[in-house]
Amino acid sequence: MQLRSGQAQRFQRCLFLVSSLLLLAISVTNIRAADNITALDGVTLVDPATATRQPDRVVIIRDGRISNLGTDGQVAIPQGARVIELHGKWLIPGLIDAHVHFFQSGGLYTRPDVIDLRQIRPYEREIATVRERLADTLRRYLASGVTSVVDLAGPRWVYDLRALADGSRLSPRVMLSGPGLAAALPPGLDGRHAPALEVRTADEARAAVRKLARERPDLIKIWFSPLPGMDLEREFDWVGAAIEEAHGLGLRVAAHATQHDIAGRMVTAGADILVHSIDDRVIAQELLEAMRINGVLYIPTLAVPRRYAEVLSQRLKLSPYERAMADPDVIDSLEHMTWLYPGRRRPPPAMDHLTASRNLLSVQQAGITVAAGSDAGDIGSLHGPGLHHELELMVDAGLNPAQVLLAATRGGAQVMGRSSELGRLEPGMLADLLVLDADPLVNIRNARRIALVVAGGRVVQCNTDSLPAACPE
(Lines give C-alpha, C1' and ligand atoms only; values in the text may rest on other atoms or scores of the structure.)
Protein backbone atom coordinates (compact mmCIF):
# COMPACT_ATOMS: atom_id res chain seq x y z
CA MET A 1 0.00 0.00 0.00
CA GLN A 2 1.33 3.45 -0.88
CA LEU A 3 1.48 5.70 2.13
CA ARG A 4 0.91 8.88 0.12
CA SER A 5 0.50 10.08 -3.43
CA GLY A 6 3.36 11.37 -5.58
CA GLN A 7 2.02 14.87 -5.21
CA ALA A 8 1.97 14.54 -1.43
CA GLN A 9 5.53 13.20 -1.49
CA ARG A 10 6.73 16.22 -3.45
CA PHE A 11 4.95 18.52 -1.03
CA GLN A 12 6.51 16.75 1.95
CA ARG A 13 10.00 16.97 0.38
CA CYS A 14 9.42 20.69 -0.10
CA LEU A 15 8.49 21.10 3.55
CA PHE A 16 11.53 19.09 4.61
CA LEU A 17 13.78 21.31 2.47
CA VAL A 18 12.28 24.47 3.93
CA SER A 19 12.66 23.12 7.46
CA SER A 20 16.26 22.04 6.83
CA LEU A 21 17.15 25.39 5.32
CA LEU A 22 15.49 27.07 8.28
CA LEU A 23 17.88 25.44 10.71
CA LEU A 24 20.83 26.26 8.48
CA ALA A 25 19.65 29.86 8.26
CA ILE A 26 19.74 30.26 12.02
CA SER A 27 23.23 31.45 12.88
CA VAL A 28 24.71 32.46 16.18
CA THR A 29 26.88 35.55 16.13
CA ASN A 30 29.82 35.42 18.50
CA ILE A 31 30.11 38.93 19.89
CA ARG A 32 33.74 40.07 19.75
CA ALA A 33 33.23 43.74 20.51
CA ALA A 34 34.78 45.54 23.45
CA ASP A 35 33.74 44.03 26.79
CA ASN A 36 31.34 41.67 25.03
CA ILE A 37 28.77 44.44 24.44
CA THR A 38 25.90 44.64 21.97
CA ALA A 39 23.63 47.64 21.47
CA LEU A 40 20.11 47.32 20.05
CA ASP A 41 19.47 50.80 18.64
CA GLY A 42 16.15 52.45 17.77
CA VAL A 43 13.87 49.61 18.82
CA THR A 44 10.37 50.00 20.30
CA LEU A 45 10.08 48.35 23.72
CA VAL A 46 6.79 46.58 24.39
CA ASP A 47 5.64 46.22 27.99
CA PRO A 48 2.83 43.64 28.23
CA ALA A 49 2.19 44.52 31.90
CA THR A 50 1.02 48.02 30.97
CA ALA A 51 0.18 47.39 27.30
CA THR A 52 2.45 50.29 26.36
CA ARG A 53 5.19 50.97 23.83
CA GLN A 54 8.39 52.95 24.26
CA PRO A 55 9.73 53.90 20.81
CA ASP A 56 13.31 54.65 19.75
CA ARG A 57 15.03 53.00 22.68
CA VAL A 58 18.59 51.80 23.07
CA VAL A 59 19.21 48.49 24.84
CA ILE A 60 22.75 47.66 25.98
CA ILE A 61 23.60 43.99 26.46
CA ARG A 62 26.76 43.13 28.36
CA ASP A 63 27.89 39.62 29.30
CA GLY A 64 24.51 38.05 28.63
CA ARG A 65 22.39 40.54 30.56
CA ILE A 66 20.63 43.84 29.93
CA SER A 67 22.98 46.39 31.44
CA ASN A 68 21.08 49.54 30.47
CA LEU A 69 18.18 50.80 28.39
CA GLY A 70 16.55 54.12 27.60
CA THR A 71 16.41 56.87 25.00
CA ASP A 72 19.40 58.03 22.94
CA GLY A 73 19.80 60.95 25.32
CA GLN A 74 19.72 58.74 28.40
CA VAL A 75 21.93 55.87 27.23
CA ALA A 76 25.30 56.21 25.54
CA ILE A 77 26.43 53.36 23.33
CA PRO A 78 29.85 52.20 24.60
CA GLN A 79 32.74 52.65 22.21
CA GLY A 80 33.49 49.45 20.34
CA ALA A 81 30.08 47.90 21.00
CA ARG A 82 28.42 45.90 18.27
CA VAL A 83 25.47 48.03 17.15
CA ILE A 84 22.35 46.52 15.57
CA GLU A 85 20.01 49.10 14.02
CA LEU A 86 16.41 48.17 14.78
CA HIS A 87 14.32 51.19 13.84
CA GLY A 88 10.81 50.05 12.96
CA LYS A 89 11.14 46.87 15.07
CA TRP A 90 9.49 45.82 18.35
CA LEU A 91 11.22 44.20 21.33
CA ILE A 92 9.65 41.83 23.86
CA PRO A 93 11.15 39.36 26.36
CA GLY A 94 11.81 35.91 24.94
CA LEU A 95 8.78 33.62 25.04
CA ILE A 96 8.54 30.89 27.68
CA ASP A 97 6.69 27.63 27.04
CA ALA A 98 5.80 26.56 30.56
CA HIS A 99 4.55 23.06 29.69
CA VAL A 100 6.17 20.66 27.23
CA HIS A 101 7.07 16.96 27.08
CA PHE A 102 10.32 16.15 25.31
CA PHE A 103 9.76 12.39 25.49
CA GLN A 104 6.86 12.81 23.05
CA SER A 105 7.32 13.79 19.40
CA GLY A 106 3.96 15.42 18.71
CA GLY A 107 3.39 12.74 16.07
CA LEU A 108 0.76 10.06 15.65
CA TYR A 109 2.77 7.24 17.27
CA THR A 110 3.84 9.04 20.42
CA ARG A 111 0.95 8.11 22.75
CA PRO A 112 0.08 4.40 22.46
CA ASP A 113 -2.24 4.81 25.44
CA VAL A 114 -4.42 7.10 23.28
CA ILE A 115 -4.15 5.33 19.92
CA ASP A 116 -2.18 2.11 19.92
CA LEU A 117 -0.24 1.81 16.67
CA ARG A 118 2.73 -0.12 18.05
CA GLN A 119 2.22 -2.87 15.51
CA ILE A 120 3.05 -0.29 12.81
CA ARG A 121 5.75 1.64 14.62
CA PRO A 122 7.14 0.01 17.78
CA TYR A 123 7.26 2.40 20.73
CA GLU A 124 10.98 1.71 21.22
CA ARG A 125 11.57 2.97 17.68
CA GLU A 126 9.45 6.06 18.37
CA ILE A 127 11.41 6.86 21.53
CA ALA A 128 14.75 6.26 19.79
CA THR A 129 13.80 8.74 17.07
CA VAL A 130 12.68 11.29 19.65
CA ARG A 131 16.01 11.04 21.46
CA GLU A 132 18.04 11.23 18.25
CA ARG A 133 16.30 14.49 17.32
CA LEU A 134 16.42 16.28 20.65
CA ALA A 135 19.06 18.77 19.50
CA ASP A 136 16.96 19.54 16.43
CA THR A 137 13.87 19.93 18.62
CA LEU A 138 15.64 22.43 20.86
CA ARG A 139 16.69 24.48 17.84
CA ARG A 140 13.09 24.63 16.63
CA TYR A 141 12.05 26.22 19.91
CA LEU A 142 14.68 28.92 19.60
CA ALA A 143 13.77 29.54 15.96
CA SER A 144 10.17 30.03 17.12
CA GLY A 145 11.20 32.72 19.59
CA VAL A 146 10.91 30.42 22.63
CA THR A 147 13.96 31.09 24.77
CA SER A 148 12.90 28.96 27.78
CA VAL A 149 10.93 25.73 28.18
CA VAL A 150 9.69 23.72 31.15
CA ASP A 151 9.42 19.94 30.72
CA LEU A 152 6.69 18.66 33.03
CA ALA A 153 7.17 14.88 33.32
CA GLY A 154 9.15 12.41 31.29
CA PRO A 155 11.31 9.28 31.63
CA ARG A 156 14.55 9.44 33.59
CA TRP A 157 16.54 10.06 30.41
CA VAL A 158 15.01 13.55 30.07
CA TYR A 159 17.59 14.63 32.65
CA ASP A 160 20.10 14.34 29.78
CA LEU A 161 18.49 17.43 28.27
CA ARG A 162 20.35 19.61 30.74
CA ALA A 163 23.76 18.75 29.36
CA LEU A 164 22.46 18.88 25.79
CA ALA A 165 20.95 22.34 26.27
CA ASP A 166 23.90 23.70 28.23
CA GLY A 167 26.32 22.46 25.58
CA SER A 168 24.45 24.02 22.65
CA ARG A 169 24.46 27.60 21.42
CA LEU A 170 21.16 26.93 19.68
CA SER A 171 18.99 25.90 22.60
CA PRO A 172 16.47 27.53 24.88
CA ARG A 173 16.93 27.37 28.62
CA VAL A 174 15.53 24.05 29.87
CA MET A 175 13.95 23.37 33.24
CA LEU A 176 12.36 20.03 34.07
CA SER A 177 10.64 17.89 36.64
CA GLY A 178 11.88 14.49 35.56
CA PRO A 179 9.41 11.62 36.15
CA GLY A 180 6.11 12.63 37.70
CA LEU A 181 4.17 10.85 40.41
CA ALA A 182 1.02 8.92 39.45
CA ALA A 183 -1.42 6.52 41.05
CA ALA A 184 -1.37 4.43 37.88
CA LEU A 185 -0.04 4.63 34.34
CA PRO A 186 -2.09 3.52 31.35
CA PRO A 187 -0.93 0.55 29.21
CA GLY A 188 1.52 1.82 26.64
CA LEU A 189 3.20 4.32 28.96
CA ASP A 190 4.04 1.90 31.76
CA GLY A 191 7.26 0.39 30.39
CA ARG A 192 10.93 1.29 30.68
CA HIS A 193 10.19 4.78 29.33
CA ALA A 194 7.45 5.49 31.86
CA PRO A 195 7.08 9.26 32.45
CA ALA A 196 6.01 8.82 36.09
CA LEU A 197 6.63 6.72 39.20
CA GLU A 198 3.61 4.85 40.49
CA VAL A 199 2.78 5.54 44.14
CA ARG A 200 -0.22 4.51 46.25
CA THR A 201 0.67 5.39 49.85
CA ALA A 202 1.98 8.40 51.72
CA ASP A 203 5.22 6.57 52.57
CA GLU A 204 5.75 5.61 48.93
CA ALA A 205 5.12 9.20 47.87
CA ARG A 206 7.63 10.63 50.33
CA ALA A 207 10.23 8.08 49.27
CA ALA A 208 9.60 8.83 45.59
CA VAL A 209 10.02 12.58 46.13
CA ARG A 210 13.29 12.01 47.98
CA LYS A 211 14.48 9.76 45.16
CA LEU A 212 13.63 12.36 42.53
CA ALA A 213 15.23 15.14 44.58
CA ARG A 214 18.60 13.42 44.26
CA GLU A 215 18.45 14.22 40.53
CA ARG A 216 18.03 17.95 41.30
CA PRO A 217 14.72 18.50 39.48
CA ASP A 218 13.49 22.07 39.14
CA LEU A 219 10.07 21.06 40.46
CA ILE A 220 7.92 18.00 41.12
CA LYS A 221 5.01 16.98 38.88
CA ILE A 222 1.94 15.09 40.09
CA TRP A 223 0.34 13.38 37.11
CA PHE A 224 -3.09 12.68 38.56
CA SER A 225 -5.91 11.29 36.42
CA PRO A 226 -8.83 9.92 38.47
CA LEU A 227 -10.05 6.47 37.50
CA PRO A 228 -13.55 5.01 37.91
CA GLY A 229 -14.05 3.75 41.44
CA MET A 230 -10.96 5.51 42.77
CA ASP A 231 -11.05 6.43 46.46
CA LEU A 232 -10.06 10.09 46.29
CA GLU A 233 -9.63 10.42 50.05
CA ARG A 234 -7.04 7.67 50.03
CA GLU A 235 -5.33 8.98 46.90
CA PHE A 236 -5.03 12.49 48.25
CA ASP A 237 -3.39 11.09 51.36
CA TRP A 238 -0.34 10.33 49.24
CA VAL A 239 -0.73 13.50 47.15
CA GLY A 240 -0.64 15.62 50.30
CA ALA A 241 2.38 13.72 51.60
CA ALA A 242 4.22 14.20 48.29
CA ILE A 243 3.56 17.94 48.28
CA GLU A 244 4.62 18.30 51.91
CA GLU A 245 7.83 16.34 51.28
CA ALA A 246 8.62 18.37 48.16
CA HIS A 247 8.10 21.68 49.96
CA GLY A 248 10.30 20.47 52.78
CA LEU A 249 13.06 19.93 50.22
CA GLY A 250 12.54 23.35 48.66
CA LEU A 251 10.76 22.02 45.56
CA ARG A 252 7.53 23.44 44.16
CA VAL A 253 4.80 21.14 42.83
CA ALA A 254 2.89 21.26 39.54
CA ALA A 255 -0.29 19.19 39.50
CA HIS A 256 -2.20 17.80 36.51
CA ALA A 257 -5.81 18.79 37.13
CA THR A 258 -8.55 19.03 34.50
CA GLN A 259 -11.54 18.44 36.79
CA HIS A 260 -12.86 21.11 39.12
CA ASP A 261 -12.99 18.95 42.26
CA ILE A 262 -9.51 17.54 41.64
CA ALA A 263 -8.12 21.05 41.14
CA GLY A 264 -9.75 22.16 44.39
CA ARG A 265 -8.22 19.25 46.27
CA MET A 266 -4.81 20.03 44.76
CA VAL A 267 -5.00 23.64 45.90
CA THR A 268 -6.04 22.55 49.40
CA ALA A 269 -3.13 20.07 49.47
CA GLY A 270 -0.71 22.88 48.65
CA ALA A 271 0.05 22.52 44.93
CA ASP A 272 1.87 25.55 43.53
CA ILE A 273 0.87 25.20 39.88
CA LEU A 274 -2.26 23.81 38.22
CA VAL A 275 -1.50 22.27 34.86
CA HIS A 276 -4.20 22.03 32.17
CA SER A 277 -7.56 23.73 31.91
CA ILE A 278 -10.40 23.01 34.29
CA ASP A 279 -12.92 21.93 31.70
CA ASP A 280 -15.65 19.86 33.35
CA ARG A 281 -17.63 22.78 34.80
CA VAL A 282 -17.52 26.50 35.44
CA ILE A 283 -14.92 27.31 38.06
CA ALA A 284 -16.40 28.35 41.40
CA GLN A 285 -15.61 31.67 43.05
CA GLU A 286 -14.41 29.81 46.14
CA LEU A 287 -11.75 28.01 44.12
CA LEU A 288 -10.71 31.21 42.35
CA GLU A 289 -10.30 32.91 45.71
CA ALA A 290 -8.28 30.00 47.12
CA MET A 291 -6.00 30.04 44.08
CA ARG A 292 -5.48 33.79 44.36
CA ILE A 293 -4.79 33.77 48.11
CA ASN A 294 -2.34 30.86 47.82
CA GLY A 295 -0.54 32.30 44.78
CA VAL A 296 -1.33 29.27 42.62
CA LEU A 297 -0.22 29.58 38.98
CA TYR A 298 -2.51 28.39 36.18
CA ILE A 299 -1.29 26.86 32.88
CA PRO A 300 -4.38 26.32 30.70
CA THR A 301 -3.10 24.34 27.64
CA LEU A 302 -6.19 25.03 25.53
CA ALA A 303 -4.72 23.61 22.32
CA VAL A 304 -3.90 20.03 23.24
CA PRO A 305 -7.42 18.49 23.54
CA ARG A 306 -8.47 20.23 20.32
CA ARG A 307 -5.46 18.92 18.45
CA TYR A 308 -6.10 15.37 19.64
CA ALA A 309 -9.67 15.70 18.34
CA GLU A 310 -8.55 17.19 15.01
CA VAL A 311 -5.94 14.51 14.33
CA LEU A 312 -8.05 11.53 15.34
CA SER A 313 -11.05 12.75 13.34
CA GLN A 314 -8.84 13.45 10.29
CA ARG A 315 -9.64 17.17 10.40
CA LEU A 316 -6.22 18.57 11.24
CA LYS A 317 -5.55 22.07 9.92
CA LEU A 318 -2.03 23.25 10.65
CA SER A 319 -1.09 26.84 9.93
CA PRO A 320 1.61 27.63 7.32
CA TYR A 321 3.78 28.76 10.24
CA GLU A 322 3.48 25.40 11.98
CA ARG A 323 4.26 23.55 8.75
CA ALA A 324 7.36 25.66 8.16
CA MET A 325 8.73 25.48 11.71
CA ALA A 326 7.89 21.98 12.97
CA ASP A 327 9.60 18.67 12.22
CA PRO A 328 8.32 17.59 8.77
CA ASP A 329 8.41 13.90 9.68
CA VAL A 330 6.20 14.56 12.68
CA ILE A 331 3.73 16.45 10.48
CA ASP A 332 3.82 13.63 7.95
CA SER A 333 2.95 11.08 10.64
CA LEU A 334 -0.17 13.01 11.63
CA GLU A 335 -1.48 12.56 8.09
CA HIS A 336 -1.09 8.78 8.31
CA MET A 337 -4.62 8.60 9.71
CA THR A 338 -5.93 8.89 6.16
CA TRP A 339 -4.37 5.60 5.06
CA LEU A 340 -4.53 3.84 8.41
CA TYR A 341 -8.28 4.36 8.57
CA PRO A 342 -9.41 5.15 5.01
CA GLY A 343 -13.02 6.14 4.62
CA ARG A 344 -13.49 6.40 8.37
CA ARG A 345 -13.39 10.15 8.77
CA ARG A 346 -15.36 10.78 11.91
CA PRO A 347 -16.70 13.94 13.50
CA PRO A 348 -14.46 15.27 16.26
CA PRO A 349 -15.23 13.87 19.72
CA ALA A 350 -17.68 15.99 21.65
CA MET A 351 -15.56 18.26 23.83
CA ASP A 352 -16.55 21.31 25.83
CA HIS A 353 -13.86 23.74 24.69
CA LEU A 354 -16.06 26.67 25.70
CA THR A 355 -15.89 25.84 29.41
CA ALA A 356 -12.09 25.74 29.37
CA SER A 357 -11.98 29.10 27.60
CA ARG A 358 -14.48 30.71 29.97
CA ASN A 359 -12.57 29.40 32.97
CA LEU A 360 -9.32 30.87 31.64
CA LEU A 361 -10.99 34.26 31.35
CA SER A 362 -12.35 33.93 34.91
CA VAL A 363 -8.90 33.03 36.22
CA GLN A 364 -7.40 36.04 34.45
CA GLN A 365 -10.07 38.40 35.77
CA ALA A 366 -9.61 37.05 39.31
CA GLY A 367 -6.01 38.30 39.35
CA ILE A 368 -4.46 34.83 39.28
CA THR A 369 -1.17 34.52 37.42
CA VAL A 370 -1.58 32.71 34.10
CA ALA A 371 1.35 31.08 32.31
CA ALA A 372 1.29 29.95 28.69
CA GLY A 373 2.07 26.33 27.90
CA SER A 374 1.59 24.32 24.72
CA ASP A 375 1.83 20.78 26.15
CA ALA A 376 3.96 20.19 23.06
CA GLY A 377 4.78 16.57 22.37
CA ASP A 378 1.21 15.34 22.64
CA ILE A 379 -0.38 14.21 19.38
CA GLY A 380 -0.74 17.25 17.12
CA SER A 381 0.91 19.68 19.56
CA LEU A 382 4.15 20.62 17.83
CA HIS A 383 7.48 21.41 19.45
CA GLY A 384 8.43 25.03 18.77
CA PRO A 385 5.53 26.65 16.92
CA GLY A 386 2.95 24.97 19.16
CA LEU A 387 3.21 27.80 21.68
CA HIS A 388 2.06 30.33 19.08
CA HIS A 389 -1.05 28.24 18.40
CA GLU A 390 -1.76 28.26 22.14
CA LEU A 391 -1.36 32.05 22.32
CA GLU A 392 -3.95 32.48 19.56
CA LEU A 393 -6.45 30.31 21.43
CA MET A 394 -5.88 32.35 24.59
CA VAL A 395 -6.83 35.49 22.67
CA ASP A 396 -9.87 33.66 21.28
CA ALA A 397 -10.83 32.88 24.90
CA GLY A 398 -11.11 36.60 25.63
CA LEU A 399 -7.67 37.67 26.81
CA ASN A 400 -6.10 40.60 24.97
CA PRO A 401 -2.67 40.34 23.31
CA ALA A 402 -0.95 42.14 26.18
CA GLN A 403 -2.35 39.68 28.74
CA VAL A 404 -1.33 36.74 26.58
CA LEU A 405 2.19 38.09 26.13
CA LEU A 406 2.39 38.59 29.88
CA ALA A 407 1.46 34.94 30.38
CA ALA A 408 4.12 33.86 27.87
CA THR A 409 6.85 35.94 29.53
CA ARG A 410 6.40 36.91 33.18
CA GLY A 411 3.95 34.09 33.85
CA GLY A 412 6.40 31.55 32.48
CA ALA A 413 9.22 33.11 34.49
CA GLN A 414 7.17 32.56 37.66
CA VAL A 415 6.67 28.89 36.76
CA MET A 416 10.43 28.64 36.37
CA GLY A 417 10.97 30.40 39.69
CA ARG A 418 13.17 32.95 37.90
CA SER A 419 11.08 36.13 37.95
CA SER A 420 14.08 38.08 39.19
CA GLU A 421 15.97 37.56 35.94
CA LEU A 422 13.56 36.53 33.18
CA GLY A 423 10.39 37.87 31.57
CA ARG A 424 11.00 41.63 31.79
CA LEU A 425 12.90 44.32 29.89
CA GLU A 426 14.89 45.85 32.73
CA PRO A 427 18.56 46.34 33.65
CA GLY A 428 20.01 43.24 35.27
CA MET A 429 17.66 40.82 33.54
CA LEU A 430 19.03 38.00 31.41
CA ALA A 431 19.12 39.06 27.76
CA ASP A 432 16.57 36.58 26.41
CA LEU A 433 14.82 38.81 23.87
CA LEU A 434 12.64 38.68 20.80
CA VAL A 435 12.83 41.32 18.04
CA LEU A 436 9.69 41.46 15.90
CA ASP A 437 8.79 42.98 12.55
CA ALA A 438 5.31 44.02 13.74
CA ASP A 439 3.58 45.17 16.90
CA PRO A 440 2.38 42.16 19.00
CA LEU A 441 -0.03 44.35 20.99
CA VAL A 442 -2.04 44.87 17.79
CA ASN A 443 -2.24 41.17 16.88
CA ILE A 444 -0.82 38.21 18.79
CA ARG A 445 0.14 36.63 15.47
CA ASN A 446 2.77 39.32 15.13
CA ALA A 447 4.76 37.41 17.77
CA ARG A 448 5.53 35.00 14.90
CA ARG A 449 7.12 37.74 12.80
CA ILE A 450 10.58 37.21 14.19
CA ALA A 451 13.51 39.33 13.03
CA LEU A 452 16.03 38.34 15.71
CA VAL A 453 16.22 36.15 18.76
CA VAL A 454 18.65 37.04 21.53
CA ALA A 455 19.40 34.10 23.82
CA GLY A 456 21.57 34.84 26.83
CA GLY A 457 23.00 37.83 24.97
CA ARG A 458 23.82 35.78 21.85
CA VAL A 459 22.18 37.06 18.70
CA VAL A 460 20.41 34.34 16.74
CA GLN A 461 19.50 35.64 13.31
CA CYS A 462 16.57 34.38 11.30
CA ASN A 463 17.64 35.25 7.77
CA THR A 464 14.37 36.24 6.14
CA ASP A 465 16.07 37.77 3.09
CA SER A 466 17.41 34.46 1.83
CA LEU A 467 14.66 32.30 3.30
CA PRO A 468 11.29 34.05 3.70
CA ALA A 469 9.71 30.85 5.00
CA ALA A 470 12.02 30.90 8.00
CA CYS A 471 9.90 33.51 9.78
CA PRO A 472 6.55 33.48 7.96
CA GLU A 473 3.79 35.83 8.97
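Quick caveat: nothing in here was measured; it's all calculated off a predicted structure.

Undergrad: Explanation requested: the packing of aromatic side chains in the structure shown.
TA: What characterises a pair of aromatic rings is the spacing of the ring centres plus the angle enclosed by the ring planes. On inspection of all chains with the given rule, the structure shows 3 aromatic pairs. When the ring of Phe102 is compared with that of Tyr141, the centres are 5.7 Å apart and the planes differ by 65 degrees; the resulting orientation is edge-to-face. In this pair, Phe102 sits in the loop between β7 (95-100) and α2 (123-132) while Tyr141 sits in helix α3 (residues 134-143), placing the two residues 39 residues apart along the sequence. In this structure Phe102 comes out as buried when scored by relative accessible area, which is 1%. Relative accessible area serves as the criterion here: at 0%, Tyr141 is assigned to the buried category. One aromatic cluster is present, built from ring pairs that chain together Phe224, Phe236 and Trp238. Over the face of the ring belonging to Trp223 we find Lys221, whose NZ or CZ atom lies 5.4 Å from the ring centre. When the ring centre of Phe236 is taken as origin, the NZ or CZ atom of Arg265, which lies over that ring, is 5.6 Å away.

Undergrad: It is not clear to me how the pairing of strand β8 (residues 146-151) should be interpreted in this structure. Could you clarify?
TA: Two faces, one strand: in a regular strand the side chains alternate between the faces of the sheet. Across the 6 residues that make up β8, a large majority, 6, are buried. Strand direction decides the pairing type here: β7 and β8, joined by 4 bridges, are parallel. Across the sheet, Asp97 pairs through a bridge with Val149, a residue of β8. Looking at chain direction, β8 and strand β9 (residues 173-176) are connected through 4 bridges and run parallel. If you follow Val149 over to β9, its bridge partner there is Val174. You can see the chain leave β8, run along helix α4 (residues 161-166) and come back into β9, and the turn it takes is right-handed.

Undergrad: Whenever I open this one, the environment of Val415 confuses me. Can you help?
TA: Residue position: Val415 is located in helix α15 (residues 401-416). Put simply, Val415 and Val150 are 265 residues apart on the chain and 8.2 Å apart in space, counted from C-alpha to C-alpha. Discounting residues that sit within four places of it in the chain, Val415 has contacts with Ala98, Val150, Arg252, Ile273, Leu297, Ile299 and Ala371.

Undergrad: What exactly am I supposed to notice about the packing of helix α7 (residues 260-269) against helix α8 (residues 285-294) here?
TA: Helices that pack against each other are described as a pair by the angle of their axes relative to one another and the distance between those axes. Where α7 contacts α8, the two axes come as close as 10 Å, and the packing angle between them is 30 degrees. Relative to α8, the element α7 is oriented roughly parallel. Regarding α7 and α8, the two cross each other, and that crossing is left-handed. Every residue of α8 that contacts α7 at His260, Ala263, Gly264 and Val267 is listed here: Leu287, Ala290, Met291 and Asn294. Its residues assigned to classes, the contact of α7 with α8 shows 5 nonpolar, 3 polar and no charged.

Undergrad: What is the right way to look at the sheet that holds β9 in this model?
TA: The strand order across the open sheet formed by 3 strands is β7-β8-β9, and the pairing between neighbours is parallel. Either end of the sheet is taken by a strand with one partner, and the two such strands are β7 and β9. Geometrically, the sheet is characterised by an average inter-axis angle of 15 degrees between neighbouring strands, direction not taken into account.

Procedures and definitions
Residues numbered from 1 in each chain as written. Predicted model: local features only at pLDDT ≥ 70, side-chain atom pairs only at ≥ 80, totals over all residues. Heavy atoms only, no water. Phe/Tyr/Trp six-rings, centres within 6.5 Å; stacked < 30°, edge-to-face > 60°. Helix = DSSP H or I, 4+ residues; strand = E, 2+ residues; numbered from the N terminus. Buried < 20%, exposed > 50% of the residue type's maximum accessible area, 1.4 Å probe, protein only. Lys NZ or Arg CZ within 6 Å of the ring centre and 35° of its normal. Pairing = 2+ DSSP bridges. Right-handed = clockwise from strand over helix to strand, strands pointing away. Contact = heavy atoms within 4.5 Å. Axes fitted to C-alpha atoms, helices over the stretch in contact; angles between N-to-C directions. Parallel < 35°, antiparallel > 145°, perpendicular 65-115°, else oblique. Left-handed = near helix turned anticlockwise from the far one by under 90°. Nonpolar A, V, L, I, M, F, W, Y, C, P; charged D, E, K, R; others polar.

Functional significance is not addressed by these values, which are geometric in nature.
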